[in-house]
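# Topology and contacts: notes
As a plain string of letters, each chain reads:
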Amino acid sequence: MTRIAIVKGDGIGHEVIPAAQKVLAVLHPEYEYFPVELGYHRWEQTGCPCADRDIAMLKTADAVLFGAVTTPPMKDYQSVVLRIRKALDLYANLRPVKSDGFDIMIVRENTEGMYSGIEEIGPDRATTLRVVTRAGTERIVRAAIRLARQRKGKLTIGHKANVLKSDVLFRDICIAEAKKAGVSYNEKFIDALGLDVLQHPQAYDVIVTTNIFGDILSDVASYLVGGLGLVPSANIGDRYALFEPVHGSAPDIAGKNSANPIATLRSAAMLLEHLGDANGAVRVESAIRQVLASGIRTRDIGGSAGTREFGNAVLRVLGEPE
Ligand code: NAD
Ligand code: IPM
Ligand code: MN
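So, a few notes on the structure that sits alongside this text. (Residues numbered from 1 in each chain as written. Chains lettered and ligands numbered in written order. Predicted model: local features only at pLDDT ≥ 70, side-chain atom pairs only at ≥ 80, totals over all residues. Heavy atoms only, no water.)

### Concerning the overall build of the protein
Scanning the protein from N- to C-terminus turns up 11 helices and 12 strands. In summary, the protein has a C-alpha radius of gyration of 19 Å against a globular reference of 20 Å for 322 residues, a match within 12%. Its C-alpha atoms put the protein at 55 × 45 × 40 Å along the principal axes. Among the 322 residues that make up the protein, the fraction classed as buried is 54%. Long-range contacts, defined as pairs at least 24 residues apart, comprise 71% of the intrachain contacts of the protein with a sequence gap of at least 6. Working note: accessible area of the protein is about 14600 Å², and carbon and sulfur atoms make up 53% of it. In the protein, 38 positive and 38 negative side-chain charges are present, and the distance between their average locations comes to 3 Å. (Helix = DSSP H or I, 4+ residues; strand = E, 2+ residues; numbered from the N terminus. Rg over C-alpha atoms; globule rule 2.2 N^0.38 Å. Buried < 20%, exposed > 50% of the residue type's maximum accessible area, 1.4 Å probe, protein only. Contact = heavy atoms within 4.5 Å. Areas by Shrake-Rupley, 256 points an atom, 1.4 Å probe, with all protein chains shown as cover. Lys, Arg positive; Asp, Glu negative; His and termini not counted. Charge placed at Lys NZ, Arg CZ, Asp CG, Glu CD.)

Here you go:
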């Protein structure tokens, strides 16, 4: 039996996840769906945002559908998302940004770099160690090369090797692996890449980059498709997989039935593809497009529909005979 862990998390996670869960349940009533409650609200109630047994529960699932959690900028609070990514060793964070005329896959290293967790904060000085390893770089660039081969065969390496020694290692390994695999590649400094992606999105296929650069680049690139409400992601490791929108818990709009559920619906589509149901993934994407074409859209992309109305419209399309 295929088991899917459902994590709503905080904020708009409680609105966008139900929309996606209903879609999954329509396409796969035979799957088992089980909730895992974690996040900031859990910490407020119990002092613990995510327990060891929650991680253990996630590990029993074939895939996790994740909303978003609030991570307050506090000295002693450990990010739940980062803990899960590390605990499940979800090293490849795939963030597709795609529309008519361009199709970009951002492949973000997801376990090291600036998010090594090796850091210290004192009253007058704080440090974070940026760690890039050969093993960590090889596995992410190999994942990017595999994807490039299934796509247009073009790899772009985003880095800042002009200033950061850690990125000299990252760049050298990426280039060596691309040469070895015979995949055509180019490279760009990450700051210039941020602008060029917006100006010439059609020039890109797969972009591989380090953890925090991929984080920033994916929010920036979401501008190309209408913002954060539209971009999904997959977090993949050798054993586990978790699917979540690129956006966060959006406290500014939480509880207002106005969040765009598309990023989460698309994340559910990526989950289906991962589990071998490529046809289901295509059905979800075409239902989204059909609903958008009918003029139903949420406020962030110029409409007036609520989260629930959009989700219900997608369900109606999926319920219609094909
Ligand atoms: P955010 O992505 O939550 O929101 C940024 C802006 O985009 C806000 O104005 C928000 O209203 C808008 N937005 C986001 N998703 C939307 C949607 N689906 N529909 C319409 N508008 C949407 O980022 P933030 O405000 O910087 O962070 C809020 C909280 O979320 C923080 O605590 C942050 O740490 C956390 N966060 C969590 C995750 C995660 O769980 N994976 C990811 C990013 C941020
Ligand atoms: C994301 C988020 C996370 C990240 C935060 C909330 C830890 O911004 O998934 O893009 O930085 O990876
Ligand atoms: Mn982010």
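Text resumes after the structure shown.
### What to know about the layout of surface pockets
Where empty space is left can be seen by rolling a probe of water-molecule size over the atoms. One number sums up the size of the largest pocket: a volume of about 1400 Å³. Lining the largest pocket are 48 residues; nearest its centre among them are Thr71, Ser79, Val81, Leu82 and Tyr115. Breaking the lining of the largest pocket down by element, the ones donating at least two residues are strand E3 (63-68), helix H4 (80-87), strand E6 (119-121), strand E7 (126-128), helix H8 (211-221) and strand E12 (241-245). For the lining of the largest pocket, the element with the highest residue contribution is H4, accounting for five residues. Residues belonging to the lining of the largest pocket are distributed by class as follows: 21 nonpolar, 13 polar and 14 charged. If you count residues domain by domain, the lining of the largest pocket takes at least three from each of domain 1 (1-90 + 237-322) and domain 2 (91-232). The computed volume of the second largest pocket comes to approximately 870 Å³. (1 Å grid on protein atoms, 1.4 Å probe; cavity = no way out; pocket = protein on both sides within 12 Å on 5 of 7 lines; lining within 4 Å. Points joined across faces, edges and corners; volume = space filled by probe spheres on them. Nonpolar A, V, L, I, M, F, W, Y, C, P; charged D, E, K, R; others polar. Domains from an automatic or database assignment.)

### Notes on helix H7 (residues 190-199)
Considered for burial, the residues of H7 that qualify are Ile190, Leu193, Gly194, Asp196 and Val197. Buried positions along H7 lie against strand E5 (102-109), strand E8 (154-159), strand E9 (184-189), strand E10 (206-209) and H8.

### A word on the site of ligand 1
In the vicinity of ligand 1 there are 21 residues, among which Thr71, Gly248, Ala250, Asp252 and Asn260 approach most closely. Taking glutamate 244, its side chain carries an N or O atom lying 3.1 Å from a nitrogen atom of ligand 1. Residue alanine 250 places a main-chain N or O atom 2.8 Å away from an oxygen atom belonging to ligand 1. About the coverage of ligand 1: the protein hides 69% of its 810 Å² of free accessible area. The cavity where ligand 1 resides is the largest pocket. Residue classes in the shell around ligand 1 are distributed as 11 nonpolar, seven polar and three charged. (Near = heavy atom within 4 Å. Polar contact = N/O pair within 3.5 Å; in protein donor to acceptor, adjacent residues only side chain to side chain. Sits in = over half its atoms within 2 Å of the grid points.)

### So, the packing of helix H5 (residues 134-150) against helix H6 (residues 165-181)
With their axes 9 Å apart at the nearest point, H5 and H6 run at an angle of 40 degrees to one another. Classified by the angle their axes make, H5 and H6 are oblique. Here the hand of the crossing between H5 and H6 comes out right-handed. Contacts from Arg134, Thr137, Glu138, Ile140, Val141, Arg142, Ile145 and Arg149 of H5 reach H6 at Leu169, Phe170, Ile173, Cys174, Glu177, Ala178, Lys180 and Ala181. A per-class count over the contact of H5 with H6 returns nine nonpolar, one polar and six charged. (Axes fitted to C-alpha atoms, helices over the stretch in contact; angles between N-to-C directions. Parallel < 35°, antiparallel > 145°, perpendicular 65-115°, else oblique. Left-handed = near helix turned anticlockwise from the far one by under 90°.)

### Quick look at the site of ligand 2
Around ligand 2 lies a shell formed by Ser79, Leu82, Arg85, Arg95, Arg108, Tyr115, Asp215 and Val246. Aspartate 215 places a polar side-chain atom, nitrogen or oxygen, 2.8 Å from an oxygen atom of ligand 2. When the free accessible area of ligand 2 is taken as 320 Å², the share hidden by the protein chains comes to 76%. According to the grid-proximity analysis, the pocket containing ligand 2 is the largest pocket. Its residues assigned to classes, the shell around ligand 2 shows three nonpolar, one polar and four charged.

### Observations concerning the nonpolar core
The biggest cluster of nonpolar side chains holds 72 residues, and the ones touching the most others in it are Leu65, Leu94, Val107, Leu155, Val208 and Phe243. Element by element, the count of residues in this core is highest for helix H9 (residues 262-274), at seven residues. Taken domain by domain, this core gets at least three of its residues from each of domain 1 (1-90 + 237-322) and domain 2 (91-232). Discounting chain neighbours no more than four positions away, the residues touching valine 107 are Asn93, Leu94, Ile140, Ala144, Leu147, Val206, Ile207, Val208 and Thr209. Counting 20 residues, the second largest nonpolar core, distinct from the first, contains Phe66, Val69, Val81 and Tyr240. (Core = buried A, V, L, I, M, F, W, Y, C linked by side-chain atoms within 4.5 Å.)

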